[in-house]
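What follows is the residue order along each chain.
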Amino acid sequence: MENKTEFDYPHTFVLLGASGDLARKKIYPTIWYLYRDNLLPHNTKFIGYARTKQSVSEVRERCQKYMKIRPGEEEKLETFWNANNYVAGSYDGRIDYEFLNRIISNHEKGPIANRIFYLAVPPTVFEDVTVNIKNACTSSKGFTRVIIEKPFGRDDVSSEKLSNHLAGLFIEEQIYRIDHYLGKEMVQNLMTIRFANQIFNPAWNRENIASVLISFKEPFGTEGRGGYFDDFGIIRDVMQNHLLQILSLVAMEKPVTLNPNDIRDEKVKVLRHIQPIELKDILIGQYVGNPEGQGEEKLGYLDDPTVPGDSLTPTYALATLWINNARWQGVPFILRCGKALNERKAEVRVQYKDVPGDIFSGHAKRNELVIRVQPGEALYLKMMSKSPGMKFDLVETELDLTYSARYKEASVPDAYERLILDVFTGTQMHFVRSDELKEAWRVFTPILKDLEDNHIKPVPYVYGSRGPKEADDKLAGYDFKYSGSYKWKKPIH
Ligand SMILES: NC(=O)C1=CN([C@@H]2O[C@H](COP(=O)(O)OP(=O)(O)OC[C@H]3O[C@@H](n4cnc5c(N)ncnc54)[C@H](OP(=O)(O)O)[C@@H]3O)[C@@H](O)[C@H]2O)C=CC1
Ligand SMILES: O=C1O[C@H](COP(=O)(O)O)[C@@H](O)[C@H](O)[C@H]1O
């Protein structure tokens, strides 16, 4: 008898919210890349579902410019779109989902057939959609998995309500909560760096590390999309999820095995050691226009017509978290994120303590291990060395692993590509479990409430700057030393 694997059975990928921005710009292109690279089960069909009446050709046309089609791929692209279907239906009408179910069933020949539902829909229809998937579209002869995107609520209460709702419909193994930062190369590398290198592990603690700075910077503002953002703000948009996920990977203990639940158990454990953030440990900012800037840079957050003129929503935040365990007690973990800043950057900066027993008259600067998530994946360790030649002076230098130089042939997949493929293969290592989410909201809900209830005014900062000046003073107060003396020379390869 022929030996079939999971990948030989029919799979259906249903994209709910197929007419929207996320679907067009991110999800259709992602499933195309996976299909193009033959990474998906060969018998996979794709169905778009949304209220808008449209044909597959219209979906295709709208996605075209985001698909990055290379010469020679035209034929494959045709077969991709031939494997697509589109169903127009409501989000709350069971009858529409029964119709969707019939369409899915049409190609499910054989004893096993698996289904994946991607919810690229606004949170307002989340409950209706999931109830209808459960009642009308669950696979009767294979797995049913649902992928959901943030926001997973806006505080502890609403998040718990959503978790309870989902738990009433699906088991945790069916729920894939996306935090796309968990799909990024260097975020995935954190565990390897820490646990596959004896040089880092013994010094990864409060005896050696002064502070940890985790940053996210974006060089553009809300650009007319402030309506959505204003309801959430940068803390909910980036800090409570992406930056906290990175923190948990930097700070957690070594998991028992690489099993996804062992890893997530450790992430939950370290989060449980974190106290809710206090007002004294946070600084919030909001960008104002730069009169000398160009185009959008001239406009402040409040100039966005979709934002209320008196909005106090932060577009920048710096918060310090304290982990009260034996490894980290007293070490500030500083999370910093903002929009309309001077550059695009996401990085982890582990700053080591000053060398005790100084014999270099105060010239030795602190070591820093920098893990740059983007742009341009890199890991570099800033260190002191003797200046080359006759002199005995110190120089600041680095051990540098820049991916573009070291791995010239490697192509780093996009975060969504990895994560969607993980859903097909059933690996939940890079997805957020409900108890992780609960801990994240426990840490952030009180401070969000404090900021909102007390109408705390964000500090203004200029579009295109490094953020509020006060943020650097705050950093210095948390034992993060910046000397400004490090000079990097890009190597010539
Ligand atoms: N492999 C590679 O590609 C490597 C690249 N480099 C590059 O060299 C450059 C310098 O390296 P880097 O590690 O950033 O070293 P630096 O110590 O020079 O840090 C520079 C960063 O410090 C921050 N900063 C500036 N002023 C202050 C202040 N008053 N207080 C606190 N922080 C401040 C700024 O970032 P922010 O605005 O975020 O606060 C700035 O980008 C970077 O562009 C880096 O990417 C270096 C080594 C290897
Ligand atoms: O989740 C979000 O992330 C993006 C930034 O993602 P990146 O992969 O481009 O770094 C951010 O722009 C958006 O506001 C936020 O919701």
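Criteria and cut-off values
- Residues numbered from 1 in each chain as written.
- Chains lettered and ligands numbered in written order.
- Predicted model: local features only at pLDDT ≥ 70, side-chain atom pairs only at ≥ 80, totals over all residues.
- Heavy atoms only, no water.
- Near = heavy atom within 4 Å.
- Polar contact = N/O pair within 3.5 Å; in protein donor to acceptor, adjacent residues only side chain to side chain.
- Areas by Shrake-Rupley, 256 points an atom, 1.4 Å probe, with all protein chains shown as cover.
- Nonpolar A, V, L, I, M, F, W, Y, C, P; charged D, E, K, R; others polar.
- Pairing = 2+ DSSP bridges.
- Helix = DSSP H or I, 4+ residues; strand = E, 2+ residues; numbered from the N terminus.
- Axes fitted to C-alpha atoms, helices over the stretch in contact; angles between N-to-C directions.
- Contact = heavy atoms within 4.5 Å.
- Phe/Tyr/Trp six-rings, centres within 6.5 Å; stacked < 30°, edge-to-face > 60°.
- Lys NZ or Arg CZ within 6 Å of the ring centre and 35° of its normal.
- Patch = residues over 30% accessible without salt bridge, like charges linked within 9 Å, V, L, I, M, F, W, Y side chains within 5 Å.
- Salt bridge = Lys/Arg side-chain N within 4 Å of Asp/Glu carboxyl O.
- Buried < 20%, exposed > 50% of the residue type's maximum accessible area, 1.4 Å probe, protein only.
- 1 Å grid on protein atoms, 1.4 Å probe; cavity = no way out; pocket = protein on both sides within 12 Å on 5 of 7 lines; lining within 4 Å.
- Points joined across faces, edges and corners; volume = space filled by probe spheres on them.
- UniProt positions renumbered as here; feature names shortened; annotations may be inferred.

## Considerations on the site of ligand 2
Taken together, Lys150, His180, Tyr181, Lys184, Phe216, Glu218, Asp237, His242, Lys339, Arg344 and Gln374 make up the full set of residues adjacent to ligand 2. At 2.4 Å from an oxygen atom of ligand 2 is found a side-chain nitrogen or oxygen belonging to Glu218. The side chain of Gln374 places a nitrogen or oxygen atom 2.7 Å from an oxygen atom of ligand 2. Protein chains bury 74% of the 400 Å² of accessible surface belonging to ligand 2 in isolation. For the shell around ligand 2, a count of residues per class yields two nonpolar, three polar and six charged.

## Some details on the sheet that holds strand β3 (residues 84-88)
Spatially, β3-β2-β1-β4-β5-β6 is the arrangement adopted by the six strands of the open sheet, whose pairing is parallel. Lying at the two open borders of the sheet, with one neighbouring strand each, are β3 and β6 (175-178). Across this sheet, the average inter-strand angle for adjacent strands is 20°, counted without regard to direction. Direction of pairing for strand β1 (residues 11-16) relative to strand β2 (residues 44-50): parallel, over a ladder of six bridges. If you follow Leu16 over to β2, its bridge partner there is Tyr49. The strands that helix α1 (residues 21-36) touches are β1, β2, β3, β4 (114-119) and β5 (144-149); relative to β1, the one it contacts most, it runs at about 165°.

## Some points on the packing of aromatic side chains
The final tally for this structure, using the stated rule, is 22 aromatic pairs. On the basis of an interplanar angle of 45° and a centroid distance of 6.2 Å, the ring pair of Phe13 and Tyr118 is categorised as tilted. Taken as a pair, Phe13 in strand β1 and Tyr118 in strand β4 lie far apart in primary sequence, 105 residues in all. Of the aromatic side chains, those joined through ring pairs into one cluster are Phe13, Tyr28, Trp32, Tyr35, Phe46, Phe80, Trp81, Tyr118 and Phe424. Over the aromatic face of Phe143 sits the side chain of Arg145, whose NZ or CZ is 3.4 Å from the ring centroid. Positioned above the aromatic ring of Phe232, the side-chain terminus of Arg154 is 5.8 Å from the ring centre.

## So, a nonpolar patch on the surface
There is a patch of nonpolar side chains on the surface, built from Ile359, Phe360 and Phe392 and spanning about 380 Å² of accessible area. Take Phe392: it is sitting in the loop between β13 (378-386) and β14 (394-402). Judged by relative accessible area, which is 65%, Phe392 ranks as exposed.

## Observations regarding empty space enclosed by the protein
For the structure shown, the criterion picks out three cavities of 30 Å³ or more. The computed volume of the largest cavity comes to approximately 200 Å³. Elements that contribute at least two residues to the lining of the largest cavity include exactly α8 (226-251) and α12 (434-453). With eight residues, α8 is the single largest residue contributor to the lining of the largest cavity. Looking at the lining of the largest cavity residue by residue, the class counts come to eleven nonpolar, four polar and five charged. Considered as a void within the structure, the second largest cavity measures approximately 50 Å³ in volume.

## What about the site of ligand 1?
If you check the shell around ligand 1, you find 16 residues, and the closest are Lys217, Lys345, Asp400, Thr402 and Arg466. A distance of 2.6 Å is found between an oxygen atom of ligand 1 and a side-chain nitrogen or oxygen belonging to Lys217. The side chain of Lys382 places a nitrogen or oxygen atom 2.8 Å from an oxygen atom of ligand 1. Listed by contribution, the elements that provide at least two residues to the shell around ligand 1 are β11 (345-352), β13, β14 and α13 (469-477). Sorting elements by how many residues they give to the shell around ligand 1 places β13 first, with three residues. Looking at the shell around ligand 1 residue by residue, the class counts come to six nonpolar, one polar and nine charged.

## Regarding the pairing of β11
The buried fraction of β11 is high, at eight of eight residues. In β11, alternate side chains face the same way, and those of Lys345, Glu347, Arg349 and Gln351 on one face and Ala346, Val348, Val350 and Tyr352 on the other are all buried. Bridge count between β11 and strand β12 (residues 368-374): six bridges; the pairing is antiparallel. Across the sheet, residue Ala346 finds its bridge partner in β12, namely Gln374.

## As for the UniProt feature "domain: Glucose-6-phosphate dehydrogenase C-terminal" (unreviewed entry) in the chain
Here the UniProt feature "domain: Glucose-6-phosphate dehydrogenase C-terminal" (unreviewed entry) sits at residues 191-481. Secondary structure within residues 191-481 divides into 30% helix and 23% strand; the distance between the first and last C-alpha atoms comes to 26 Å.

## Notes on the environment of Gln329
Secondary-structure assignment places Gln329 in the loop between β9 (316-322) and β10 (332-338). Gln329 sits in the partly exposed class, given a relative accessible area of 41%. The spacing of Gln329 and His273 is 56 residues in sequence and 9.6 Å in space, taken between C-alpha atoms. Look past the residues within four positions of Gln329 in its chain and what remains in contact with it is Arg206, Ile323 and Asn324.

## Things to note about the environment of Val432
Inspection of the secondary structure puts Val432 in the loop between α11 (415-425) and α12. Each C-alpha atom of the pair Val432 and Ile323 lies 20 Å from the other, and the pair is 109 residues apart in sequence. Apart from residues lying up to four places away in sequence, Val432 is in contact with Glu172, Arg177, Asp179, Leu182, Gln245, Arg264 and Leu437.

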